[in-house]
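Spelled out from the first residue to the last, the chains are:
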Amino acid sequence: MSGAALPGQPAPPQFDQIMGHPKPLWMLFMSEFWERFAFYGIRWALVLYIVAQFYGGDASGQQPAGLVYGSYLALVYAGAIFGGLVADKFIGYQRSILIGAVFMAAGLFMISLPNQDIFKLGLATIIVGNGLFKPIISTMVGKLYAQDDQRRDSGFTIFYMGINLGAMIAPLLTQYLARKIFGSDTLPAYKVVFIAAGIGMLISLVWFWAGRGQLKGIGEPPAGGESFSRVLTVAVGALVVIPVVYFLLAMGAEKLQMVLTAMFIGLAAMLFIEGLKNGAVARDKVIAMLIIFAFNILFWMFFEQAGSSFTFLADQIVNRDIFSGALQELVYRMSGEQVFPTAWFQSVNSVAIIVLAPVIAWIWVKLGSWNPSIPRKFGLGLLFNGLAFLLLMLALSSMVDPQTLKIPFWTLFAVYWIQSIGELCLSPIGLSMVTKLAPVRLVGFGMGGWFLSTGIGNNLSGIFAGHVSGEGGMTTASALSGYTFGFYALVGSGVVLFLIAPLIQKLMHGVK
């Protein structure tokens, strides 16, 4: 048994257990693995491709590349709101995942075409597909467990490892294909990166299609929504939405921020009204969840420099010449480069998550009654993220080699590990938190709110990355100035969250 349900929650079906968790968790694990392979397979290449393809490799393209990247990620997560609503009310979770996978695969193949308009249209297609896929599969993990099941947080942590296994392998493989097989260090075949990611998305589609019977009815269409006409309506609606998303991408990050803020206010109002309808306890839980969302924005604003300003930092200011002899030859055979490839930095976070996730999960269990509350775990996430920026401050101010004008390799490598500890304190706990605090009828919509707050943080990350690079490209001085601001913003918000944690915990009415 997955455990008894709380009042108002349907009891989950009886599942066979594998390694102490419901069997469908592992099917969802692998479906998400391949989807994240597709998503992260292009992450390292996007800003580099934009600069190389559309700005002729000039450093002045770094700022607009960072803005496009931030806006793309923001809309990826903002689209989760509508995906959650469509799945909750219209076609069910399973069909939403399948339709989303088709659109994501199509978009990934589109961006392989070297045309700026088609590139942005492909990004828009990925965004629409991701909105129908990403929040829904996370919500389904929560539905495998009863609300009071003690394995719930551990289940989400295992699922989070699936995300990071895909994210770890994708940059290594796509970088190898782009530089060693189909291109070179000076002329990477970026289109191969995007095609490989599209193939990964098709594997995710087939995997979920074949394994969805394990779910025993979880995620099937709502009553009255079984007809195929609803699927067709959603597919046509998604096609209509793609040009709208294209327009939002084209409007620029600053204007997009206004749109995202308005969306967040509307979502917060809808969740709050639903909470009011369900009584004071449900209302308070919604308030607690929305406060956490606000701090989540700050976390991702600085964490998501990994795909933008950190990429330019690694490419230009970090000393990646760390190999020699046989090891250098091995790296060259693996990547086509004789230095540590910029793309490989995108896998460092995932390796850290895979190594540290079971350790952190074990720590939470062993702490017992000393286990930090959800707000304090979020506070720890912000503080660790801040410590990563402190290390960058020290490196850029006192560790710059006077001859090469570069900082030591180990500093950026360590930054990813420190950030990963913060991520593990926050992200998997946040997914589980939403399934516990959101109103029963709008859990998918609440998960969309989680991803919208992440999306707002990502759009701000693009704006921030643009300031770090400046109009002429990144310098040691511009990076130091930007990352110093990041340190103070993260540590300050982490301290505030620790101070108000008891109030938030009171609003959560016993949810842990």
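Source: prediction; values computed, not measured.

K.L.:
I would appreciate a short explanation of the packing of helix α3 (residues 62-91) against helix α9 (residues 253-277) in the present structure.
P.N.:
Think of two packed helices as two axes; the pair is described by the angle between the axes and how far apart they sit. The geometry of α3 relative to α9 is characterised by a closest axis approach of 11 Å and an angle of 20° between their N-to-C directions. It follows that α3 is roughly parallel to α9 by the angle criterion. As α3 packs across α9, the resulting crossing turns out to be left-handed. For the pair α3 and α9, contact is made by L67, S71, A74, L75, A78, I81 and F82 and by A253, L256, L260, M263 and L267, respectively. Within the contact of α3 with α9, the residues separate by chemical class into 11 nonpolar, 1 polar and no charged.

K.L.:
Would you explain the side chain of E423 in this entry?
P.N.:
Summarising the element assignment, E423 is placed in helix α15 (residues 409-437). In this structure, E423 is buried with no salt-bridge partner, the nearest side chain bearing the opposite charge being R43 at 7.7 Å. Setting aside chain neighbours within four positions, we find E423 in contact with Y160, F299, W300, F303, N349, I353 and P428.

K.L.:
Any chance you could explain empty space enclosed by the protein here in plain terms?
P.N.:
Applying the stated rule across the entire model yields 3 cavities of 30 Å³ or more. In this model, the largest cavity occupies a volume close to 240 Å³. Ranked by residue count, the leading element in the lining of the largest cavity is helix α6 (residues 152-181), at 4 residues. Within the lining of the largest cavity, the residues separate by chemical class into 10 nonpolar, 5 polar and 5 charged.

K.L.:
What's the story with the packing of aromatic side chains in this structure? I'm lost.
P.N.:
Given two aromatic rings, one states the distance between the centres and the angle between the planes to describe the pair. If you walk through the whole model with that rule in mind, you get 34 aromatic pairs. Considering the side-chain rings of F302 and F389, the 5.8 Å spacing of their centres and the 80° angle between planes classify their relative orientation as edge-to-face. Residue F302 is found in helix α10 (residues 280-303), and its partner F389 is found in helix α14 (residues 374-398); the two are separated by 87 residues along the sequence. Each member of the pair, F302 as well as F389, is classed as buried. The ring of F39 carries R36 above its face, with NZ or CZ at 4.2 Å from the centroid. Note that K377 overlies the ring of W364, its terminal NZ or CZ placed 4.3 Å from the centroid.

K.L.:
I keep staring at the layout of surface pockets and nothing clicks. Help me out?
P.N.:
Left-over empty space is what a probe sized like a water molecule reveals as it rolls over the atoms. Put simply, the largest pocket is a space of about 980 Å³. Residue assignment for the lining of the largest pocket shows that the elements contributing at least two residues are α6, α10, α13 (345-367), α14 and α15. In terms of residues, the lining of the largest pocket owes the most to one element, α15, which gives 5 residues. Taken together, the residues of the lining of the largest pocket sort by class into 17 nonpolar, 13 polar and 8 charged.

K.L.:
Whenever I open this one, the confidence of the model for the chain confuses me. Can you help?
P.N.:
A low pLDDT means the predicted coordinates there should not be read in detail. Within the chain, residue pLDDT values average 87, and 97% of them lie at 70 or more. Averaged pLDDT values for the elements of the chain fall to 80 in strand β1 (residues 17-18) and rise to 96 in α14. Counted against residues more than four places away or in other chains, residues 1-8, with its pLDDT under 50, gives 22 contacts.

K.L.:
Help me out: how do you make sense of the nonpolar core in this one?
P.N.:
Note that soluble globular proteins tend to have their nonpolar side chains buried in a common cluster. Core analysis: the largest hydrophobic core is formed by 164 residues, its most contacted members being L28, Y72, L313, W450 and Y483. Beyond its immediate sequence surroundings of up to four residues, L313 is in contact with V318, L392, L396, L412, M474, A479 and Y483.

K.L.:
Would you take a moment to explain a nonpolar patch on the surface for this structure?
P.N.:
On the surface, V359, W362, I363, L367 and W370 cluster together to form a nonpolar patch covering roughly 550 Å² of accessible area. Here W362 is to be found in helix α13.

About the thresholds
- Residues numbered from 1 in each chain as written.
- Predicted model: local features only at pLDDT ≥ 70, side-chain atom pairs only at ≥ 80, totals over all residues.
- Heavy atoms only, no water.
- Axes fitted to C-alpha atoms, helices over the stretch in contact; angles between N-to-C directions.
- Helix = DSSP H or I, 4+ residues; strand = E, 2+ residues; numbered from the N terminus.
- Parallel < 35°, antiparallel > 145°, perpendicular 65-115°, else oblique.
- Left-handed = near helix turned anticlockwise from the far one by under 90°.
- Contact = heavy atoms within 4.5 Å.
- Nonpolar A, V, L, I, M, F, W, Y, C, P; charged D, E, K, R; others polar.
- Buried < 20%, exposed > 50% of the residue type's maximum accessible area, 1.4 Å probe, protein only.
- Lys, Arg positive; Asp, Glu negative; His and termini not counted.
- Salt bridge = Lys/Arg side-chain N within 4 Å of Asp/Glu carboxyl O.
- 1 Å grid on protein atoms, 1.4 Å probe; cavity = no way out; pocket = protein on both sides within 12 Å on 5 of 7 lines; lining within 4 Å.
- Points joined across faces, edges and corners; volume = space filled by probe spheres on them.
- Phe/Tyr/Trp six-rings, centres within 6.5 Å; stacked < 30°, edge-to-face > 60°.
- Lys NZ or Arg CZ within 6 Å of the ring centre and 35° of its normal.
- pLDDT = per-residue confidence, 0-100.
- Core = buried A, V, L, I, M, F, W, Y, C linked by side-chain atoms within 4.5 Å.
- Patch = residues over 30% accessible without salt bridge, like charges linked within 9 Å, V, L, I, M, F, W, Y side chains within 5 Å.
- Areas by Shrake-Rupley, 256 points an atom, 1.4 Å probe, with all protein chains shown as cover.

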